[in-house]
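Now for the letters of each chain:
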Amino acid sequence: MPKTTSIVMGGVGGQGIVLASKILAQVIQDHQLELKVSEIHGMAQRGGSVLTFVRYGTAVHAPLIEQRQADYLFALEKLEAWRLLPYLRTGGTLVCSTQEIKPMPVIIGQQQYPPQIIPALEALAADGTLGNFLAINALEVACACGQPKAANVALLGVLARTLEFPVDSFLHALAAVVPERFLAANREAFLAGFHAV
Amino acid sequence: MKKLLSGNEAIARGAYEAGVHFAAAYPGTPSTEILENLAAYEEIEAQWSTNEKVALEVGIGAALAGARVLVAMKHVGLNVAADPLMTFSYLGVNGGFLLVTADDPGMHSSQNEQDSRQYARFAKLPMLEPSDSQEAKDFVQEALRVSEEFDTPVLLRSSTRISHAQSLVEVGERREVSIRPYSKDAAKRVAMPANSRRRHVVVEERLQRLRQYAEETALNRLEWRRREIGVICAGISYQQVREALPEASILKLGLVYPLPVQLLQEFAAGVDKLYVVEELDPFFEKQIKALGIAVKGKELFPLTGEIFPNLIAEKILGKPLTVPPVIKADSEEPPPVRPPVLCPGCPHRSVFYLLRKQKLLVSGDIGCYTLGASAPLEAMDSCICMGAGISAGLGYEKGNPELKGKVVSVIGDSTFFHSGMTGLADVVYNRGTTLTLILDNRITAMTGHQDHPGTGRTLQGQPTVALDIGAICRALGVQRVQEVDAYDLAALEAVIREEAAAPEPSVVIVRRACALLDKSAKTACCIDEEQCSGCGLCMQLGCPALAREGRRIVIDAALCVGCGVCVQVCKFGAIMKAGEEDA
Ligand SMILES: Cc1ncc(C[n+]2csc(CCOP(=O)(O)OP(=O)(O)O)c2C)c(N)n1
């Protein structure tokens, strides 16, 4: 069966998951591969969890990814990484920002923000459940580049490290997708992410 | 050239290339982007209508006048538009007419998950259903052709997974189609008994001819692979089946109504075991069984929600696709959920805070403000469909006199124009005493900020009359109409208390633009730790910018837009706008 690569991208509404998936989709397209990208809009955008699926290869049927099927999980917030972990196959790659955004049940004290997410993920990486685990604080990296909104692109830089596409393809795609006036800062954030791991 | 397009972009592109002249819609996830994309083509006149019934009726007029027309809505919008739809079927078209309805199996952003295919059978109209963006584009073109050939409105069903999934599409040029000449034909188009009796016969004959078309059209396709398993499917289910059962033979239906009887029989005869995989209702299954064909469907698959490849493989092959163990984040406790919330600075927040505080019965409606039902605000008793807030509110006090004086109906500005005005007329006419709060954030926010009759701007950006909500309410006979700023807590509290108790109908228009639209520089609020007692009253606002850290309350300055509502809620004067600390 032809190989399809499946990437789950998640975060909190407003963090720029859709833009990150757009850039990635552009890279895949530039390599003449079949692809499908699936987003959930609507209610999810009001600060809720946001989820995008990217699948590519020589032939792609279903646009969706089910539990245990993702080769990569890209999460812009660590609780979202935690939540989305069941999507990842054993030995898959987790790229995650260590940023913390409290959801409403935590804010109003109904639930607790899990305190030990990163150490738990590190343990999963140590025992081989995760094939690869790369974490940075993407927000800090982006802030250092003068554009806090580019945290998504900084983390994309980390993901780029693990994918088969050359870094130039990403820079090319960035220029095609990101508006001119934000391009320089986004390029810088992307490269900072790329070199951070 | 191939472009990566969402299903909605592809539908718009298909309409553009097919020479569509006119398009109308009312927004609704997952259909909204169809019109937003169509609006960008200058060859097409595209409009937001007041509601779906209006959109369909304007579209009917345009098609009768000779134009090629597309009208789009979400599945529940078709309920609103069902009345004109049922009779439009009798009238036939002139220029081609396509109605797109976008279903939402799994209810990613809807109040129900009804199966729109039932409307095709109900209205005796052909319905097409694409399974990816390329088909979405191609099917729009074929649908308009069929519409003109068979003199029928045509339905196209999309779904969240088609509308919001992107795949590669071969894009082409626009083919101009001239507007068909108009000539009066009252015997055909004036639906009254004498004419309709004749027209109903035509509808039934047309359906017979469409059955023949179903046998021949390339929209329906036999895919022969191994013969042990045969699956009948359409739309997104086709992709899921291909994923789950790469070896199975498939009858892929692109025309989901009417069904191709001979093709179904041929397929059934050619395979050992026959299945139907369809989300929601057993729409195909029941029709196929009625033909005397043995088929398995809903005895294996759920009537609710979406159907994914793993389940298909499990039910048909006896084993799921992948079996490695799930990586569990935490075995003991599921991670905290992250539900959608009212944004920082959302003008709806103060309203629900006060409604809860005053212990009023809230007859709610649909929009961002439905989030007022969530914790910690939890200030909504019911929410049914667009427009029901005002009318159900009247029903509360009619049904139980003890509730009189306690009922508040809440409705958004876009929803008021959509279907709130008739309900308000009913309140006045029937001597109701409910208070109606119209939450006027100057936009249709929930679906991504679309204009509406109150904004003074059309879909294609032209300036227009901004309808005056207060004047409308007064014209509908409401004597007590007031306006108040959503950020002025004291004024809002007083006016709600007074008007809820008033012995006659009253309206309060709560004004303040959606916080996401206000692009001006923001000054965040901050907390004076000396003054803060940690009482947590401000936390009852459910603002994402506020959080408790131990005994202390903190404000996230990156999120806070400085609306100042929490400043007014605090009993200790501990919250202030940054820069005003010394004042
Ligand atoms: C019949 C129908 N059409 C469309 C929708 C989708 N929809 C839900 S709420 C809404 C409009 C909300 O706008 P408004 O009333 O102004 O409230 P806001 O979201 O701005 O607070 C729309 C279009 C629906 N649920 N039902």
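Reading the values: the criteria
The residue numbers shown here count from 1 along each chain, following its written sequence. A letter from A marks each chain and a number from 1 marks each ligand, given out in the order of writing. Side-chain atom pairs in this predicted model are given and counted only at pLDDT of 80 or more, local residue features only at pLDDT of at least 70, and totals for whole chains, interfaces and linings cover all residues. Each side-chain value is derived from all of the structure's non-hydrogen atoms; neither hydrogens nor water enter the calculation. Helix and strand definitions follow DSSP, with helices as H or I runs of at least four residues and strands as E runs of at least two, each counted in order from the N terminus. A radius of gyration in this sense is built from C-alpha atoms; the matching globule rule multiplies 2.2 Å by the number of residues raised to 0.38. Any residue under 20% of the maximum accessible area for its type is buried, any over 50% is exposed, and the rest in between are partly exposed; the area is computed with a 1.4 Å probe on protein chains only. The contact criterion used is simple: two residues touch if any of their non-hydrogen atoms lie within 4.5 Å. Surface accessibility follows the Shrake-Rupley procedure with a 1.4 Å probe radius. Residue values consider only the protein chains on display as shielding. By the counting scheme adopted, Arg and Lys are positive, Glu and Asp are negative, and His together with the chain ends is not counted. We put the charge of a Lys on NZ, of an Arg on CZ, of an Asp on CG and of a Glu on CD. Distances are taken per atom, and a residue is near a molecule or strand as soon as one of its heavy atoms is within 4 Å of it. N or O atoms closer than or at 3.5 Å make up a polar contact, with two conditions inside protein: a donor-capable atom paired with an acceptor-capable one, and, for residues adjacent in sequence, both atoms drawn from side chains. Under the convention adopted here, Pro, Cys and the residues Ala, Val, Leu, Ile, Met, Phe, Trp and Tyr are nonpolar, Asp, Glu, Lys and Arg are charged, and Gly plus all remaining residues are polar. An automatic or database domain assignment provides the domain bounds reported here. At least two DSSP bridges between two strands are needed for those strands to be called paired. Fitted lines through C-alpha atoms serve as axes, helices being fitted only where they are in contact, and the angles separating the N-to-C directions of these axes extend from 0 to 180 degrees. Put simply, buried area is how much 1.4 Å-probe accessible surface two parts lose in total, over both of them, once they are put together. Salt bridges are counted wherever a side-chain nitrogen of Lys or Arg sits within 4 Å of a carboxyl oxygen of Asp or Glu. By definition, pLDDT measures how confident the predictor is in each residue, and it falls between 0 and 100. When describing relative orientation, an angle under 35 degrees is termed roughly parallel and one over 145 degrees roughly antiparallel, while 65 to 115 degrees is termed roughly perpendicular and anything else oblique. In a left-handed crossing the near helix is turned counterclockwise from the far helix by less than a right angle, and in a right-handed crossing that turn is clockwise. For Phe, Tyr and Trp, rings pair up if their centres lie within 6.5 Å, where Trp contributes its six-membered ring, and each pair is then called stacked (planes under 30 degrees apart), edge-to-face (over 60) or tilted (otherwise). Geometrically, a charge over a ring is one whose NZ (Lys) or CZ (Arg) sits within 6 Å of the ring centre while staying within 35 degrees of the ring normal.

## Description of the overall build of chain B
So, point 1. Along the backbone of chain B there are 20 helices and 22 strands.
So, point 2. Here the C-alpha atoms of chain B give a radius of gyration of 27 Å, agreeing with the 25 Å that 2.2 N^0.38 yields for 583 residues.
So, point 3. Taking all 583 residues of chain B together, the buried fraction comes to 60%.
So, point 4. For chain B, the proportion of contacts with a sequence separation of at least 24, taken over those separated by at least 6, is 74%.
So, point 5. Summing over all exposed atoms, chain B offers an accessible surface of approximately 23000 Å²; the carbon and sulfur share of this is 52%.
So, point 6. For chain B, the centre of its 62 positive side-chain charges and the centre of its 72 negative side-chain charges are spaced 4 Å apart.

## Side note on the side chain of B:T217
So, point 1. Structurally, the position occupied by B:T217 is in the loop between helix 10 (193–216) and strand 9 (221–223).
So, point 2. Taking the relative accessible area as the measure of exposure, B:T217 reaches 9% and is therefore buried.

## A look at the site of the ligand
Residues and elements named next belong to chain B.
So, point 1. By nearness alone, 26 residues border the ligand, and E52, H348, C368, D413 and T415 come closest of all.
So, point 2. One nitrogen or oxygen atom from the side chain of Q111 is found 3.5 Å from a nitrogen atom belonging to the ligand.
So, point 3. For the ligand, an oxygen atom lies 2.9 Å from a polar atom in the backbone of C368.
So, point 4. Look at the ligand: alone it shows 580 Å² of surface, and the protein chains cover 97% of it.
So, point 5. Those elements that provide at least two residues to the shell around the ligand are helix 4 (75–80) and helix 17 (413–429).
So, point 6. Ranked by residue count, the leading element in the shell around the ligand is helix 17, at 4 residues.
So, point 7. Looking at the shell around the ligand residue by residue, the class counts come to 11 nonpolar, 12 polar and 3 charged.
So, point 8. Counting the residues that make up the shell around the ligand, at least three belong to each of domain 1 (2–216) and domain 3 (348–511).

## As for the domain arrangement of chain B
How big an interface is tends to be expressed through the accessible area that disappears when the partners come together.
So, point 1. Taken as a whole, chain B is organised into domain 1 (2–216), domain 2 (221–317), domain 3 (348–511) and domain 4 (525–582).
So, point 2. Of note, the centres of domain 2 of chain B and domain 3 of chain B, computed from C-alpha atoms alone, are 46 Å apart.

## Structural notes on the sheet that holds strand 17 (residues 480–485) of chain B
All names here are of chain B.
So, point 1. Read across the open sheet, the 5 strands follow the order 14-15-16-18-17; overall the sheet is parallel. Two strands lie at the open edges of the sheet, namely strand 14 (361–363) and strand 17, each paired on one side alone. Shown here is a sheet whose adjacent strand axes are inclined to one another by a mean of 25 degrees, direction ignored.
So, point 2. As paired elements, strand 14 and strand 15 (residues 407–412) share 3 bridges and run parallel to each other. Each residue of the ladder has a partner; that of V362, found in strand 15, is V408.
So, point 3. Relative to the sheet, helix 19 (residues 489–501) contacts strand 15, strand 16 (435–440), strand 17 and strand 18 (506–511), its axis offset from that of strand 17 by approximately 160 degrees.

## Focus: the interface of chain A and chain B
So, point 1. Taken together, the 55 residues of chain A in the interface contact 56 residues of chain B.
So, point 2. Carbon and sulfur atoms supply 61% of the area buried between chain A and chain B, which totals about 4900 Å² over both sides.
So, point 3. Joining chain A to chain B, the criterion identifies 3 salt bridges.
So, point 4. Its salt-bridge partner being B:R338, residue A:E80 comes within 2.5 Å of it at the nearest N-O pair.
So, point 5. Within the residue set of the side of chain A that touches chain B, elements represented by two or more residues are helix 1 (17–30), strand 2 (34–39), strand 3 (49–57), helix 2 (78–84), strand 5 (88–97) and helix 3 (104–107) of chain A.
So, point 6. When residues in the side of chain A that touches chain B are grouped by element, the largest group, 6 residues, is from strand 2 of chain A.
So, point 7. Looking at side-chain class alone, the side of chain A that touches chain B contains 28 nonpolar, 15 polar and 12 charged residues.

## A closer look at the confidence of the model for chain B
All names here are of chain B.
So, point 1. Taken as a whole, chain B shows an average pLDDT of 96; of its residues, 97% reach a score of 70 or greater.
So, point 2. Within chain B, no element has a lower average pLDDT than strand 20 (residues 546–549), which sits at 89, and none a higher one than strand 6 (residues 127–128), at 99.
So, point 3. For this predicted complex, the interface confidence score (ipTM) comes to 0.94, while the overall pTM stands at 0.96.

## So, the packing of helix 1 of chain A against helix 6 (residues 151–162) of chain A
Residues and elements named next belong to chain A.
So, point 1. Taken N-terminus to C-terminus, the directions of helix 1 and helix 6 make an angle of 40 degrees; their axes are 9 Å apart at the nearest point. Taken together, the axes of helix 1 and helix 6 are oblique relative to one another. Of the two elements, helix 1 crosses helix 6, and the hand of that crossing is right-handed. Of the residues in helix 6, those in contact with L19, A20, I23 and L24 of helix 1 are N152, V153, L156 and L159.
So, point 2. The residue inventory of the contact of helix 1 with helix 6, partitioned by class, reads 7 nonpolar, 1 polar and no charged.

## Description of the packing of aromatic side chains
So, point 1. For the structure on display, the rule yields 12 aromatic pairs over all chains.
So, point 2. Centroid distance B:Y16 to B:Y41: 4.0 Å. Interplanar angle 15 degrees. Geometry classified as stacked. Residue B:Y16 is found in helix 1 (residues 7–17), and its partner B:Y41 is found in the loop between helix 2 (33–38) and strand 3 (45–48); the two are separated by 25 residues along the sequence. B:Y41 shares its class with B:Y16; the two are buried.
So, point 3. On the basis of an interplanar angle of 85 degrees and a centroid distance of 4.8 Å, the ring pair of B:F88 and B:F97 is categorised as edge-to-face.
So, point 4. Here the aromatic residues A:F170, A:F190 and A:F194 are joined through ring pairs into a cluster of three or more.
So, point 5. Just above the ring of A:F194 sits the side chain of A:R161; from NZ or CZ to the centre is 4.5 Å.

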